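Understanding the architecture of this molecule
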Amino acid sequence: MAYKRQIDRLPIIPADAKEHNVTCHYCIVGCGYKAYTWPMNRQGGTAPGENKFGVDLSEQQYQDTESWYAPSMYNIVKQDGKDVQLVVKPDVNCVVNSGLGSIRGARMAENRPSTVTGTQQQRLSDPKVWRNGVWQPTTWDDALDLVARVTARVVTEGSEDDLVVSMFDHGGSAGGYENTWGTGKLYFESMKIKNCRIHNRPAYNSEVHSTRDMGVGELNYAYKDYELTDTIFMVGANSMETQTNLYLNHMVPGLQNGARFIAVDPRRTLTISSAEQFAGKENVLHLAINEGTDMALFNAILTHIVDNGWTDGDFIANSTFQSGEAVAQDEAHPAGLGSLEYVMETCRTSIEEAAAICGVAAEDIVKAAEWIAKPHDDGSRRKCVTAYEKGIIWGNDNYRTIGALVNIALATGNIGREGGGICRLGGHQEGYYRPSDAHVGRPAEYIDQFLIRGLGGVHHIWACDHYKTTLNASEFKRVHKRRSDMVKDAIDAAAGGTREQVVDAIVGAINAGGLFVVDVDIIHSQIGQNAHVILPACEANEMNLTSMNGERRMRLSERYMDPFGNSRPDCLIAAGVAQNMERVLRDMGHDAYADQFKGYEWQTEEDAFMDGYNKGNPDVTYDRLRAMGNNGVQEPVVGYENGQLVGTERLYSDGTFDRHGRDDRKALFCAAGWRGWQAPGKAREKAAHKFWINNVRANIFWQNQFLDQENDFVQDRFPHPFVEMNPDDMVDLGLNPGDLLEIVNDNGVTQGMAYPTATAKRGQVAMVFGSPAGSQGNVVNPGVNELVLPDYKHCWGDIRKIADATPETRAISFKSKEVAL
């Protein structure tokens, strides 16, 4: 019998089953799937004409047959109010994954809510308001009226600066072009909210300011470039673990075609082990640097390339700025920007100096420079595709470190060419489309500290849970709960009063330092425990949703089931807030302000798409995207010809750069001078504690695990957040595999389970990020860079045992993850 699924036989998909295009919403890779639905009382047959795949199922099928699907790909869901059978399986014709399915994507069907099979019953089905000491289910009209009345009172009696917003900026499940437009129009067009933050960082900013300031958008290549390159240069990422099908379907063919692999990571990862198997150890270079020293390494590589004349002179002359300094260092730019010669005055670093800082052998730094840029024997230029992610994005001195890495790609002309590119690998898909956020400012407000200081009166939260995914989390939780409890107490004291009396009580509590919290989510989250109004959202495929993946491939992921209960798309929730704000403001006599909330007469998510994305990209419609199937179109879309949307395979192929908005369209280099630990408190913390507490992702989890908490398949593997440790460190601490431990420092305390890992360095541990059972953010100090980017990756603490292994942790496997393929 299949794992805990109570399924020992699966139905055959009938030939006339409905077929839907689906983009997996779990990570940025965006694998293509097909969803099939059909009535409960029917199934297909073994004859070719009786099943969806037109094959003779009475005969044994080959190993990778398209006609097979697993129990995890099956469920029973609601469609048009009726129970239907559902299969969601990989699409063999999608160029992203070519039929491969990940441990998350291949479980999309069983992770859908079902009243028949009982899956995902923790989903929110109705709005809730805090009444009589509990969250009471209510109607949308009642809940939205309360949200609008309190919000309108606060912003008119004070200002829009008293409204704090936490919101997604992504695609995939919670965002998409529909939903980012809905929230963006509400808060940036109808209002001018500047006190806002992103789901995973405490300000409204970019994770990659420097590459954009240099003119280079962070998603500029095509996945096929991994198959065409000479060298894959991966920094602070672990793609075999976290983006499996990108690695297997594109990077592995590149390695098999002869590409070399360079990995910059303090720890040995599954990706490094796998690359050695596919490319041979002699073609894999692991630069196991000291934590936080990436910039010094990049500067030494750049210096060696420049000094040996391995730069692309034509590209530099034609496509990069030539006249010294273009942008001076200031509050908004943590490093100067300009010509290669200008930045070399700051970046020049000897191999020996970098080796001393990074702890990497000098000869390995030289080898890395050669593999990246040394011309082939025939004089032709070497192709190198560079991929980076959270290891430096959430690392030391974000702006300069990313700038130093982009410098290498610019100097070698590896942007805009086949087999090149320098791209972040990403966590989730992108679907950002909003009005201008220029009013927010740069640097933006540090929202967590803003709230901790007692500022702001109303907090609207959209698909975020800062309890698990912010830094300085211990302090943030304490203050957020205390302030929200003040409002709960006021509501309880006004029980039985009129709506006006309840609103007066809430506003009175806000004026005394309280915080009114509205939470929009698909489950009742940890931060949602502080909410006074909870609004249930639906997911992708419970609505139509558009987004783009890591190579800017845009698809329409089609609705194939009903929203759970009375949940709604985020864009329609935003429209409901706007409509109620207009009504309430008119009742208050603020007609001019009320007029700003016109234009939300959307009935469907497609209406929101047409109001937003389509107006800026008139060639793109739902029908045209649907016709493009799971291969979609790579943005930017440049036209519509012969019934097909015309896209852009890779950016900057014409040698011009525009992300910075400069008229000259010349790329800028970054004066990324090494300055040690940049964020406040890091050096002191490192000196005071024994262990570096790195944070990492795991393939089995979806980001902060909010849909995994009630899932036996996931919880049986990792019932507590794993803390990978060197076995000798475990012996010193009296820890056995699966024992529960605490990590302690001046910032707070968190907990996890000891997970022995032979390749881990002494004094270094890797803790899974965003676990509901133990947040690493509890022990991360509030230090950020100048543009309020968090350094989640670098915190230090001491470790002590809490308890022996539980029955659950004793039952799991601690076998090495480095399994030979």
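About the cut-offs
Residues numbered from 1 in each chain as written. Predicted model: local features only at pLDDT ≥ 70, side-chain atom pairs only at ≥ 80, totals over all residues. Heavy atoms only, no water. Domains from an automatic or database assignment. Contact = heavy atoms within 4.5 Å. Buried area = accessible area lost by both parts, 1.4 Å probe. Salt bridge = Lys/Arg side-chain N within 4 Å of Asp/Glu carboxyl O. Helix = DSSP H or I, 4+ residues; strand = E, 2+ residues; numbered from the N terminus. Nonpolar A, V, L, I, M, F, W, Y, C, P; charged D, E, K, R; others polar. Expected span 1.5 Å × (residues − 1). Buried < 20%, exposed > 50% of the residue type's maximum accessible area, 1.4 Å probe, protein only. UniProt positions renumbered as here; feature names shortened; annotations may be inferred. Core = buried A, V, L, I, M, F, W, Y, C linked by side-chain atoms within 4.5 Å. Phe/Tyr/Trp six-rings, centres within 6.5 Å; stacked < 30°, edge-to-face > 60°. Lys NZ or Arg CZ within 6 Å of the ring centre and 35° of its normal. Pairing = 2+ DSSP bridges. Axes fitted to C-alpha atoms, helices over the stretch in contact; angles between N-to-C directions. Disulfide = S-S within 2.5 Å.

**Some words on the domain arrangement of the chain**
Splitting the chain by domain gives domain 1 (18-111), domain 2 (128-204 + 440-537 + 569-602), domain 3 (209-426) and domain 4 (682-803). The centre of domain 2, based on its C-alpha atoms, is set 31 Å off from the matching centre of domain 4. Domain 2 puts 23 residues into the contact, and the matching count from domain 4 is 26 residues. For the pairing of domain 2 and domain 4, the buried interface totals around 1800 Å² over both sides, and the portion due to carbon and sulfur atoms is 62%. Inspection of the region where domain 2 meets domain 4 yields 0 salt bridges. Ranked by the residues each element gives to the side of domain 2 that touches domain 4, the list is headed by helix α16 (residues 473-493), at 3 residues. Along the lines of polarity and charge, the residues of the side of domain 2 that touches domain 4 split into 10 nonpolar, 8 polar and 5 charged.

**Quick look at helix α18 (residues 570-587)**
With 18 residues, α18 extends 26 Å between its outermost C-alpha atoms, agreeing within 8% with the 26 Å of an ideal straight helix rising 1.5 Å per residue. With 14 of 18 residues buried, α18 lies mostly within the body of the structure. G589 sits one or two positions beyond α18 and adopts a positive phi of about 90°.

**Things to note about the UniProt feature "domain: Molybdopterin dinucleotide-binding" (unreviewed entry) in the chain**
In the numbering used here, UniProt assigns the "domain: Molybdopterin dinucleotide-binding" (unreviewed entry) feature to residues 691-782. The span residues 691-782 carries 12% helix and 33% strand; its end-to-end C-alpha distance comes to 18 Å.

**Let's talk about the pattern of salt bridges**
Summed over the entire model, instances satisfying the criterion amount to 61 salt bridges. Residue K194 pairs with D161 through a salt bridge whose shortest N-O separation is 3.9 Å. Within this pair, whereas K194 is found in the loop between α2 (176-190) and β8 (196-198), its partner D161 is found in the loop between α1 (140-157) and β7 (163-167), the two being separated by 33 residues in sequence. Accessibility expressed as a relative area gives 34% for K194, which makes it partly exposed. Linking R424 and E389 is a salt bridge whose minimum nitrogen-to-oxygen distance equals 2.8 Å. With R424 in strand β15 (residues 422-424) and E389 in the loop between β14 (384-388) and α13 (390-393), this pair connects stretches of sequence that are 35 residues apart. Comparing R424 with E389 shows no difference in burial state: the two are buried.

**Side note on the nonpolar core**
Residues Y187, Y226, F233, I301 and F516 are the most contacted members of the largest nonpolar core, which totals 209 residues. When residues no more than four places from it in sequence are discounted, the contact partners of F233 are I262, V264, F298, I301, I372, C384, V385, T386, A387, L405 and I408. Listed in part, the 16 residues of the second largest apolar core include V164, Y467, I527 and A531.

**What about the packing of aromatic side chains?**
According to the stated counting rule, one finds 25 aromatic pairs in the structure shown. Seen from their ring centres, W394 and Y792 are 4.5 Å apart, and the 65° between their planes marks the pair as edge-to-face. Note that W394 is positioned in the loop between α13 and α14 (398-411) and Y792 in the loop between β29 (764-768) and β30 (796-803), a separation of 398 residues in sequence. Look at Y792 and you get buried, because its relative accessible area is 0%. Here the aromatic residues Y177, W181, Y433, F609, Y613 and Y622 are joined through ring pairs into a cluster of three or more. Sitting over the ring of Y600, K185 keeps its end group 4.8 Å from the ring centre. Between the NZ or CZ atom of K488 and the centre of the ring of W130, over which it lies, the distance is 4.4 Å.

**So, the sheet that holds strand β17 (residues 516-521)**
Within a sheet, neighbouring strands are paired by backbone hydrogen bonds and run either parallel or antiparallel to one another. Across the sheet, which stays open at both edges, the 7 strands sit in the order β6-β5-β18-β17-β16-β7-β8 with mixed pairing between neighbours. Each of the sheet's edge strands pairs with one partner strand only, and the pair in question is β6 (134-137) and β8. Pairs of neighbouring strands in the sheet enclose a mean axial angle of 20°, with direction left out of account. Pairing of strand β5 (residues 128-131) with strand β18 (residues 533-536), which is carried by 2 bridges, proceeds in the antiparallel orientation. Bridge pairing in β18 places V129 opposite V533. Strands in contact with α18 are β16 (458-462), β17 and β18; relative to β16, the strand with the most contacts, it is inclined by about 155°.

**Some remarks on the state of the cysteines**
By the definition in use, this model includes 0 disulfides. No disulfide involves C94; its sulfur sits 7.0 Å from that of C31, the nearest cysteine. C196 takes part in no disulfide bond, and the closest cysteine sulfur, belonging to C464, lies 11 Å away.

**Looking at the sheet that holds strand β26 (residues 722-725)**
If you trace the 6 strands once around the closed barrel, you get β25-β29-β26-β28-β27-β30, paired in mixed fashion. With direction set aside, neighbouring strand axes in the sheet form an average angle of 45°. Sheet analysis places strand β27 (residues 740-745) next to strand β28 (residues 748-756), joined by 6 bridges and oriented antiparallel. Note that in β28 the partner of L740 across the bridge is M753.

**Considerations on the pairing of strand β3 (residues 74-79)**
Counting buried residues in β3 gives 5 out of 6 residues, a clear majority hidden from the surface. One ladder, built from 6 bridges, connects β3 with strand β4 (residues 82-90); its direction is antiparallel. Counterpart to N75 in the pairing with β4 is L86. Where β3 folds back onto β4 in an antiparallel hairpin, the turn is made up of 2 residues, including D80, whose phi is positive at roughly 55°.

**Section: unusual backbone geometry**
For the bond from R442 to P443, the omega torsion is 5°, close enough to zero to count as cis. Despite not being glycine, N132 shows a phi value in the positive range, around 60°. Phi is positive for V788, close to 65°, though the residue is something other than glycine. Summarising the element assignment, V788 is placed in the loop between β29 and β30.

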